[in-house]
Structures are given as C-alpha cells and as structure tokens.
Amino acid sequence: MNEDVEPQSGYTSPPPGAPVKTLRFRLPDLPEVRQFAEEEARGVGMPEEAIGDFVIAVNEVATNAVTHGADDGRMRTWVISGDLIVEVHDEGAWKPGPMPGAVGGMGLWVARLLSSDLTLRVGSGGSTVIMRFPGKG
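These numbers were taken from a predicted model, which means no experiment stands behind them.

**A look at the pattern of salt bridges**
Here is step 1: On inspection of all chains with the given rule, the structure shows 7 salt bridges.
Here is step 2: Note that Arg74 and Glu87 form a salt bridge whose closest N and O atoms lie 2.9 Å from each other. In this pair, Arg74 sits in strand β2 (residues 72-80) while Glu87 sits in strand β3 (residues 83-90), placing the two residues 13 residues apart along the sequence.
Here is step 3: For Glu87, a relative accessible area of 2% gives the class buried.
Here is step 4: In this structure, a network of salt bridges that share partners links the residues Arg74, Arg76, Glu87 and Arg121.

Below, the structure is given as structure tokens:
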C-alpha cells in the first residue's frame with residue numbers, strides 16, 4: 001500500500017480522454033454503491049469469482065468514507081489497460097487505523113488485501129483511496 005501524499009503510481013487520476021463514471025453517495029446509499037461497483041466489474045469483464053471480493057473492497061472503503069470521513073463521498077471509476085480503477089474520496093480528516101486488539105476498523109486493510117494495488121492520499125482536501133483491480137480474467 002502506498003500512503004504517500006504524492007503517490008508514485010501512474011493511475012492516480014484518469015488518463016486524458018478516458019471515460020470516467022462518477023457516483024456521489026451518503027451512508028444510506030451504500031446499497032447503490034455496491035450495485036454500481038458490481039455493474040462496473042461486469043462491464044470490464046471481471047471474472048465472476050472475483051466480483052464478490054471486488055464489491056467487498058469497494059464497500060469497505062465507501063463505508064469508511066461516510067462513517068469516518070464526511071457525510072458524503074464520491075466514487076469514480078475508469079479503466080487502464082483492462083484494469084478497473086476505483087477512486088473513493090471524502091472531505092473528512094484522516095484518522096489512523098485501528099489499534100492492536102481492535103475489533104473493527106479493518107476496512108482499508110481488507111481493501112488492500114483484495115485489490116492488486118491501493119494508494120492512499122490524505123491532506124487538507126480530504127482522503128482519497130485509489131484501488132486497482134484486474135479486469136478480464
């Protein structure tokens with residue numbers, strides 16, 4: 001996981017001209033977030049057996065955005081080289097992860113395990129998590 005303020009990965013923003021889909025959401029909209037994520041995964045030909053894990057990762061990060069960040073969040077998706085990129089942003093202030101022995105607060109850790117790469121950007125403008133998932137199997 002890359003936690004740099006200025007991440008080095010080449011997909012931290014959509015390439016010029018790439019189609020980008022956006023969904024704004026609040027806590028009650030999380031079922032819509034999961035549906036949106038599933039539709040995006042199917043749209044890029046993600047293998048059926050990978051879609052469940054993908055939706056879990058997206059849901060964990062989106063849930064963090066609206067429960068620990070701000071009241072609303074924004075999710076954007078785009079495709080690079082057949083991989084699906086998901087960006088979740090909120091305007092909240094960054095809070096460090098769970099303490100040893102914590103029962104909850106593992107969403108970012110779960111998302112990192114389920115994605116092929118995860119970049120975290122934090123600062124005065126809020127928090128942004130960018131995840132990469134393989135598209136076609």
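From this point, the discussion proceeds with the structure in view.
**Some remarks on helix α1 (residues 30-43)**
Here is step 1: Here α1 spans 20 Å end to end across 14 residues, near enough to the 20 Å set by a 1.5 Å rise per residue.
Here is step 2: Turning to α1, its buried residues are Leu30, Val33, Phe36, Ala37, Glu40 and Ala41. Buried residues in α1, looked at end-on, bunch into an arc of 135 degrees, giving them a common side.
Here is step 3: For α1, the secondary structure elements touched by its buried residues are β1 (21-26), α2 (48-69), β2 and β3.
Here is step 4: Immediately downstream of α1, the backbone of Gly45 shows phi near 80 degrees, a positive value.

**Some remarks on the sheet that holds β1**
Here is step 1: One open sheet holds the 5 strands; their spatial order is β1-β2-β3-β5-β4, and the pairing between them is antiparallel. Of all the strands in the sheet, the pair left with one neighbour each is β1 and β4 (117-123). Here the strands of the sheet are splayed against their neighbours by 15 degrees on average, with no regard to which way each runs.
Here is step 2: Two elements, β1 and β2, share 6 bridges in a ladder whose sense is antiparallel. Bridging from a neighbouring strand, Arg26 pairs with Asp72 of β2.
Here is step 3: Across the sheet, α2 is in contact with β1, β2, β3 and β5 (126-133); its angle to β3 comes to roughly 15 degrees.
Here is step 4: Along the sheet, helix α3 (residues 107-114) makes contact with β4 and β5, crossing β4 at roughly 145 degrees.

Calculation notes
Residues numbered from 1 in each chain as written. Predicted model: local features only at pLDDT ≥ 70, side-chain atom pairs only at ≥ 80, totals over all residues. Heavy atoms only, no water. Salt bridge = Lys/Arg side-chain N within 4 Å of Asp/Glu carboxyl O. Helix = DSSP H or I, 4+ residues; strand = E, 2+ residues; numbered from the N terminus. Buried < 20%, exposed > 50% of the residue type's maximum accessible area, 1.4 Å probe, protein only. Expected span 1.5 Å × (residues − 1). Arc of directions from axis to C-beta. Contact = heavy atoms within 4.5 Å. Pairing = 2+ DSSP bridges. Axes fitted to C-alpha atoms, helices over the stretch in contact; angles between N-to-C directions.

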